[in-house]
Amino acid sequence: MKTLKQICLIVLFGSAFFLFSQKAIAQEKEKISKHPEVQSLIALGNTIQSGEVHLIANEQIKGSPSISTKNYQVLFYRTGEIINIWKSEEKSQEHKNFILEMDSNLNSLANSHYNILNLTDSMQYVYNGKIWWIIDHKNKTCQVDTSWCKVACSFPFLYPQFLVFSEMFPFYIQGWLKLSFEEGRIENIEKKGDTTILKIVREGVSPKGVKSKSVLYAEQYVWDKEKSVLLHHTKVLKDEKGIAKNTLIVEEMKLLDANLNDEKYANPELYNGLNYAKSYKTTYTKYPKRK
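Since this is a predicted model, take the numbers as computed values, not measurements.

Looking now at the overall build of the protein chain. On a plain count of helices and strands, the protein chain comes out with six helices and twelve strands. For the protein chain, with 291 residues in total, the buried portion stands at 49%. A total accessible area of about 14,900 Å² is found for the protein chain, and carbon and sulfur atoms account for 50% of it.

So this is what it looks like as structure tokens:
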């Protein structure tokens, strides 16, 4: 079983590679966020400070008609403090290059606490700005990590892994979207009452087994501007030709319900993982200091 440090490193450098590749294959395209309407939609996340959301994620792989579904209950609170992503002298050059590739608005990320319960597999991830608790309710274990925060707390959305590749988790927990730095083509922006639907096509890194350097993805975002919420996001691989079986071809996430900007979600006890694992076997992860 990989440690939190190993997972974060994999995700960090995997994300950096994705961004570098994204830039290389779409360098002649403009950022989608330059469109004024898209800017206003992305900014809706800034109106949210705390809350509880219930999300459902569906995935489909090539060669299988079945849909894999996961349900998440997410509590979060943005403290109002700003993360200085350059503060640690221990940042590697790869880490700094990764930061530079991302949109400049990430230089002022709000410090957020989160409590994510995967209702499907009974795993819970709690983070209070300094400590991660990874709780396995099935096996009644709790892993506590304090020292990896020296690096990873600058990018708390790097763990658990689904925070990186999702759009809706970062929108609520951190108030940003990958749309803020992605490049592609806007297909359509449609308004239906308070609902706005954004359809885009963008190039992405090829899945394993594909000879071409890039593939096309069709994505759709649905917002309720009146409620300032992101309701739905889908990502579909447009052409499955040459794609190996078991490759992820459809990703979908929906908001089932939300209770936002309620003071009760600022309660620090909600972000203390030991409150959810009082009788569990608890282990503490420590890493050697650099010499």
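With that settled, the discussion passes to unusual backbone geometry. Its identity as a non-glycine residue notwithstanding, S122 has a phi of 65°, on the positive side. By secondary structure assignment, the location of S122 is in the loop between β3 (110-118) and β4 (123-127). At S228, a residue that is not glycine, the phi angle is positive and equals roughly 60°. Summarising the element assignment, S228 is placed in the loop between β9 (214-224) and β10 (229-237).

Below, the discussion takes up the nonpolar core. Looking at soluble globular proteins, one finds that nonpolar side chains tend to be buried together. Judged by nonpolar contacts, the single largest core of 38 residues is most densely connected at V74, F76, F169, Y172, L179 and W223. In terms of residue count, helix α6 (residues 168-173) provides more of this core than any other element does, five residues in total. Contact partners of F169, with chain neighbours within four places excluded, come to L55, Y72, V74, I116, F162, L163, Q174 and M253.

Turning to its location among the elements, R202 is positioned in strand β8 (residues 195-205). Accessibility expressed as a relative area gives 3% for R202, which makes it buried. For R202, the side chain forms a polar contact with the side chain of E182, separated by 3.2 Å.

Okay, the confidence of the model for the protein chain next. Scored by pLDDT, the protein chain comes out at a mean of 80, with 72% of its residues at no less than 70. Note on residues 16-28: pLDDT under 50 across the span, and 25 contacts to partners over four residues away in sequence or across chains.

Bringing the packing of aromatic side chains into the picture now. Using the criterion set out here, one finds eight aromatic pairs in the structure. Geometrically, the ring pair formed by Y221 and W223 is stacked, given 5.6 Å between the ring centres and 15° between the ring planes. The pair Y221 / W223 is uniform in exposure class, with both members buried. In this structure an aromatic cluster arises from ring pairing among Y72, Y125, F162 and F169. The ring of Y217 has K235 sitting right over it, with the charged end atom 4.5 Å from the ring centre.

This next bit is on the pattern of salt bridges. Under the counting rule described, the total for this entry stands at nine salt bridges. Between E167 and K178 there is a salt bridge, and its shortest N-O distance comes to 3.8 Å. Of this pair, E167 sits in the loop between α5 (162-165) and α6 while K178 is found in the loop between α6 and β7 (185-192), placing the two residues eleven residues apart along the sequence. For the pair shown, E167 and K178 are each scored as buried. Taking the shortest distance from any N to any O, the salt bridge between K235 and E251 comes out at 3.9 Å. On the criterion of sequence distance, the pair formed by K235 in strand β10 and E251 in strand β11 (residues 248-260) is long-range, its members being 16 residues apart. Overlapping salt bridges bring together E37, K191 and K225 as one network.

Residue classification places K178 among the buried residues on the basis of a relative accessible area of 13%. Sequence-distant contacts of K178, defined by excluding residues within four places in its chain, comprise V164, F165, S166 and E167. Engagement of the side chain of K178 in a polar contact is seen with the backbone oxygen of S166, the distance being 3.1 Å.

How each quantity is defined
- Starting afresh in each chain, residues are numbered from 1 along the sequence in its written order.
- Only residues with pLDDT of at least 70 get local features here, since the model is predicted, and only at 80 or more are side-chain atom pairs given and counted; chain-wide, interface and lining totals rely on the full set of residues.
- The side-chain quantities take in all heavy atoms of the structure and omit both hydrogens and water.
- By the criteria applied, helices consist of DSSP H or I runs no shorter than four residues and strands consist of E runs no shorter than two, each listed in order from the N terminus.
- Note on exposure labels: buried denotes an accessible area under 20% of the residue type's maximum, exposed denotes more than 50%, and partly exposed covers the range between, all computed with a 1.4 Å probe on protein chains only.
- Computed with a 1.4 Å probe, the accessible areas rest on the Shrake-Rupley method; for each residue, only the protein chains presented here act as cover.
- In plain words, nonpolar cores are sets of buried Ala, Val, Leu, Ile, Met, Phe, Trp, Tyr and Cys residues tied together by side-chain atoms within 4.5 Å.
- In what follows, residue pairs with any heavy atoms lying within 4.5 Å of each other are defined as contacts.
- Contacts described as polar in this section are N or O atom pairs within 3.5 Å, which, within protein, must combine one atom able to donate a hydrogen with one able to accept it, while residues neighboring in sequence count only if both atoms come from side chains.
- Residue-level confidence of the predictor is summarised by pLDDT, bounded by 0 at the bottom and 100 at the top.
- Each Phe, Tyr or Trp ring (for Trp, its six-membered ring) is paired with any other whose centre lies within 6.5 Å, and the angle between the two planes then decides the class: stacked below 30 degrees, edge-to-face above 60, tilted in between.
- Only when the NZ of Lys or the CZ of Arg is both within 6 Å of the ring centre and within 35 degrees of the ring normal is a charge said to sit over the ring.
- In the sections that follow, a salt bridge refers to a side-chain nitrogen of Lys or Arg positioned within 4 Å of a carboxyl oxygen of Asp or Glu.

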